[in-house]
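What follows is the residue order along each chain.
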Amino acid sequence: SSTRRCHPSLTFQLQMRRAATEFLFRQPPPHVRTKACEILTRVFGRGGAPNDLILVQMRWDDKVDTDVPMEAITIRRFVTAVAALVRRHRLREPVVYLETQSPQALRAFYRMARRHAWEVRHALSPMTHKASWDATADARAENSLHALATLLVAVEARYYVLSTGS
């Protein structure tokens, strides 16, 4: 029917999103690959990402300075979600890769995660979200390169803790 053509199914939308993502990352430019390798080696060493890698993505820094401020999800909720993944999948040597632009979120996560037998790694962004507004074009470009490279590192994870909230 004509309505179906105007309103594609959710499955079709997901397939298109997946295809677009695969297209974008099938062959990233050499400088993005180089930066991703640098970050991967700095964060995990020459052996690369571990098998039981859990990505935790926390967007705290850009939630309060928007037209419609969002409340940041608590560190406890992120830590609880990681603990649930560790139990559910019986992970023996979990390593958490924390992706955030917020030094405060990073410190808070480290403090709360100490109670667990997890190794926590991170690649803190060169600048916070708010600082990027006033940065030079070169600094914003470097920050964007870092973001793309850490995205490539993040897809090395087998498990994810993500939220649309923060």
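You'll find the structure just up there.
Here the structure is a predicted model, which means the values were calculated and not measured.

Details of the packing of helix α4 (residues 75-88) against helix α5 (residues 103-113)
No. 1: Packing of α4 against α5 brings their axes to within 10 Å, and their N-to-C directions diverge by 50°. In terms of orientation, α4 lies oblique with respect to α5. α5 is crossed by α4, and the crossing has right-handed handedness. Only A105, A108, F109 and M112 of α5 make contact with α4, whose side of the interface consists of I75, R76, F78, V79 and V82.
No. 2: Classifying every residue of the contact of α4 with α5 by side-chain character gives eight nonpolar, no polar and one charged.

Remarks on the nonpolar core
Within soluble globular proteins, side chains that are nonpolar generally end up buried alongside one another.
No. 1: By size, the foremost hydrophobic cluster in this structure holds 24 residues, and its most contacted members are I54, V56, M58, V82, F109 and W118.
No. 2: Of all the secondary-structure elements, those providing two or more residues to this core are β1 (53-58), α4, β2 (95-100), α5 and β4 (159-161).
No. 3: Considering each element in turn, this core owes the most residues, seven residues, to α4.
No. 4: Look past the residues within four positions of W118 in its chain and what remains in contact with it is V79, V82, A83, V86, P94, V96, F109 and A113.
No. 5: Within the second largest apolar cluster, 16 residues are counted, among which are F44, L53, Y97 and A154.

Topic: the pairing of β2
No. 1: Burial of β2 is extensive: six of the six residues sit out of reach of the surface.
No. 2: Residues V95, Y97 and E99 of β2 are buried on one face, and the alternating residues V96, L98 and T100, pointing to the opposite face, are buried as well.
No. 3: As defined by bridge partners, β1 adjoins β2 across six bridges and the pair is classed as parallel. Bridging from a neighbouring strand, I54 pairs with V96 of β2.
No. 4: Here four bridges tie β2 to strand β3 (residues 119-122), and the two strands are oriented parallel to one another. Across the sheet, the residue bridging to Y97 is R121, located in β3.

Basis of the calculations
Residues numbered from 1 in each chain as written. Predicted model: local features only at pLDDT ≥ 70, side-chain atom pairs only at ≥ 80, totals over all residues. Heavy atoms only, no water. Axes fitted to C-alpha atoms, helices over the stretch in contact; angles between N-to-C directions. Helix = DSSP H or I, 4+ residues; strand = E, 2+ residues; numbered from the N terminus. Parallel < 35°, antiparallel > 145°, perpendicular 65-115°, else oblique. Left-handed = near helix turned anticlockwise from the far one by under 90°. Contact = heavy atoms within 4.5 Å. Nonpolar A, V, L, I, M, F, W, Y, C, P; charged D, E, K, R; others polar. Core = buried A, V, L, I, M, F, W, Y, C linked by side-chain atoms within 4.5 Å. Buried < 20%, exposed > 50% of the residue type's maximum accessible area, 1.4 Å probe, protein only. Pairing = 2+ DSSP bridges.

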